[in-house]
Amino acid sequence: MQDYKHADFLDSKNALELYDLDLFTLGKMADSLRQKYFGKKVFFNSNRHINPTNDCADICKFCGFSAHRKNPNAYTMDKEQVLKIARDSVKSGALELHIVGAHNPKLNLEWYLELFRELKAEFPQVHIKALTAAEVNFLSKISNKSHQEVLELMAQNGVDSMPGGGAEIFDEKVRAYICKGKVDSKDWLKIHGIWHSLGKKSNATMLFGHVESREHRIDHLLRLYHQQEKSGGFNAFIPLVYQKENNFLKVTEFPSGQEILKTIAIARILLPNILHIKAYWATLGLNLALVAQEFGADDIDGTIQREAIQSASGSKSAYGITKDTLVAEIKDAGFIPVERDSLYNEIQIY
Ligand code: SF4
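Residues numbered from 1 in each chain as written. Predicted model: local features only at pLDDT ≥ 70, side-chain atom pairs only at ≥ 80, totals over all residues. Heavy atoms only, no water.

A. The overall build of the chain, seen in detail. In terms of helices and strands, the chain carries 13 helices and 11 strands. Taken over the C-alpha trace, the chain has a radius of gyration of 19 Å; the compact-globule value for 350 residues is 20 Å, and the two agree within 12%. In terms of principal-axis extent, the alpha carbons of the chain reach across some 55 × 45 × 40 Å. A sequence separation of at least 24 residues applies to 75% of the contacts in the chain between residues at least 6 apart. Of the accessible surface of the chain, which amounts to about 14,400 Å², a share of 51% is contributed by carbon and sulfur atoms. Here the chain contributes 43 positive and 44 negative side-chain charges, whose respective centroids are spaced 2 Å apart. (Helix = DSSP H or I, 4+ residues; strand = E, 2+ residues; numbered from the N terminus. Rg over C-alpha atoms; globule rule 2.2 N^0.38 Å. Contact = heavy atoms within 4.5 Å. Areas by Shrake-Rupley, 256 points an atom, 1.4 Å probe, with all protein chains shown as cover. Lys, Arg positive; Asp, Glu negative; His and termini not counted. Charge placed at Lys NZ, Arg CZ, Asp CG, Glu CD.)

B. Examining the site of the ligand more closely. Cys56, Asp58, Cys60, Phe62, Cys63, Phe65, Ser66, Ala102, His103 and Lys182 make up every residue found near the ligand. Residue classes in the shell around the ligand are distributed as 6 nonpolar, 2 polar and 2 charged. (Near = heavy atom within 4 Å. Nonpolar A, V, L, I, M, F, W, Y, C, P; charged D, E, K, R; others polar.)

C. Broad picture of the pattern of salt bridges. In total, this model carries 20 salt bridges according to the counting rule given. In this structure, Lys79 and Glu114 form a salt bridge, with 3.0 Å as the shortest nitrogen-oxygen distance. Of this pair, Lys79 sits in helix H3 (residues 79-91) while Glu114 sits in helix H4 (residues 109-122), and the two are 35 residues apart along the sequence. Judged by its relative accessible area of 17%, Lys79 falls in the buried class. Classification of Glu114 by relative accessible area gives partly exposed; the value is 28%. The residue Asp219 makes a salt bridge to Arg223 at a minimum N-O spacing of 3.1 Å. With Asp219 and Arg223 both in helix H9 (residues 214-231), this residue pair falls 4 residues apart, about one helical turn. (Salt bridge = Lys/Arg side-chain N within 4 Å of Asp/Glu carboxyl O. Buried < 20%, exposed > 50% of the residue type's maximum accessible area, 1.4 Å probe, protein only.)

D. Highlighting unusual backbone geometry. Phi is positive for Glu168, close to 45 degrees, though the residue is something other than glycine. Within the fold, Glu168 resides in the loop between strand E5 (161-162) and helix H7 (172-179). Notably, Asn246 is not glycine yet its phi reads approximately 55 degrees, a positive angle. Summarising the element assignment, Asn246 is placed in the loop between strand E7 (234-241) and helix H10 (257-270). You can call Asn246 partly exposed: its relative accessible area is 33%.

E. Focus on the sheet that holds strand E10 (residues 336-340). Here 4 strands make up an open sheet; going across it, the order is E9-E1-E10-E11 and the pairing mixed. Where the open sheet ends on each side, the last strands, each with one partner, are strand E9 (299-302) and strand E11 (346-349). Looking at each pair of strands side by side, their axes are set apart by 30 degrees on average, direction ignored. Relative to E10, strand E1 (residues 41-45) runs parallel, the two sharing 4 bridges. (Pairing = 2+ DSSP bridges. Axes fitted to C-alpha atoms, helices over the stretch in contact; angles between N-to-C directions.)

F. A look at H9. If you check H9, its first and last C-alpha atoms are 26 Å apart, about what 18 residues at 1.5 Å a residue would give, namely 26 Å. For H9, the full list of buried residues reads Arg217, Ile218, His220, Leu221, Leu222, Leu224, Tyr225, Gln227 and Gln228. Considering only its buried residues, H9 is in contact with helix H1 (12-17), helix H8 (185-197), strand E6 (201-208), E7 and H10. Gly232, located one to two residues past H9, shows a positive phi value of around 70 degrees. (Expected span 1.5 Å × (residues − 1).)

G. Spatial organisation of the state of the cysteines. Here the structure, examined in full by the defined rule, presents 0 disulfides. Looking at the unpaired Cys179, the closest cysteine sulfur is the one in Cys60, lying at 5.0 Å. Overall, Cys179 belongs to the buried group, its relative accessible area being 1%. (Disulfide = S-S within 2.5 Å.)

H. Seen up close, the packing of aromatic side chains. Under the counting rule described, the total for this entry stands at 11 aromatic pairs. Geometrically, the ring pair formed by Trp111 and Tyr112 is edge-to-face, given 5.0 Å between the ring centres and 85 degrees between the ring planes. For the pair Trp111 and Tyr112, one class covers both residues: buried. Geometrically, the ring pair formed by Trp188 and Phe234 is stacked, given 6.1 Å between the ring centres and 15 degrees between the ring planes. Here Phe234 lies in strand E7 and Trp188 lies in helix H8, a separation of 46 residues in the sequence. When sorted by exposure, Trp188 lands in the same class as Phe234, which is buried. Ring-pair connections join several aromatic residues into one group, and the members of that group are Tyr37, Phe38, Phe43 and Tyr344. Lying over the aromatic face of Phe335, Lys40 brings its terminal NZ or CZ to 4.5 Å of the ring centre. Across from the ring centre of Tyr177, 3.9 Å away, lies the NZ or CZ of Lys61, which sits over that ring. (Phe/Tyr/Trp six-rings, centres within 6.5 Å; stacked < 30°, edge-to-face > 60°. Lys NZ or Arg CZ within 6 Å of the ring centre and 35° of its normal.)

I. Fine view of the side chain of Lys278. Turning to its location among the elements, Lys278 is positioned in the loop between strand E8 (276-277) and helix H11 (281-284). A distance of 2.7 Å separates the side chain of Lys278 from the side chain of Asp301, its partner in a polar contact. Those residues within four positions of Lys278 in sequence are excluded, and the remaining contacts are Lys129, Asn203, Phe237, Ile238, Pro239, Asp299, Ile300, Asp301, Arg340 and Tyr344. (Polar contact = N/O pair within 3.5 Å; in protein donor to acceptor, adjacent residues only side chain to side chain.)

Written as structure tokens, this is what we have:
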């Protein structure tokens, strides 16, 4: 298998057979690509997640973050609250503000644009990564503006890049079951394509480990591969493992560590055109995220500081992690910690 050609895997049946390989063969294939690009470097950044509201007009079955009967504590921040969090975060070292939240009609497009303008005016050096394609789609609907117009306004008002959320699983049937009403797969990809055409970067995610099959994951990865061939602006792919608490998706079987590592390794093999594969510690746990660095991943995400979305469904990311701990853990795992900025420029090698 070391002599494979990537083109062979554009056939989904061939790609699916990668799952039949034993974990170590697959790991070796993925690791040789990872080593070729990055050696032993593991990237992370100093970031802060801000989730301005959990009051949502949509009802995704897998979501433990939005306010509903299992999570009755609805909240909506005002701009001053967001600005205060941003000030505190920048003071404690955040170089990136990652701003995503629920689909709340009270926080309309103008509210966000004003927020971005104020953040940029106060912290011109800080990277603003904001609004998933699902939020862009929602804001486009409630503001009667096209995706293109919303994205142009975001860029003009200070958004530097877009996060990869809202992709979930592209397969239409699974999507209709787990997140009916949310942006559809075509529009998710189209929105990122438009954003890339504005000269901007974004990330891409896949939520897996719930009701989807391996076929659905392969389909998702190949759709991303083709989009990247067209628009070229994805910086990183982030496979997110489904978190099981406080939601309405009835899942009885969860993926084993082996299945998770295989999925990460396959992502590395199928996505040669998306340079970075992130093992997001907030959904994997730090230990598995470190092991994943031997199975194709090269990034572990960042300090986060605070996080409300994954932690609402059971992950241990509510209070983030310190930079010192992250650096020490990466070193202990035998890798070289590299602090990066949001666009993967290296800031410091530890
Ligand atoms: S995943 Fe996002 S859109 Fe769906 S219910 Fe949760 S907050 Fe709303």
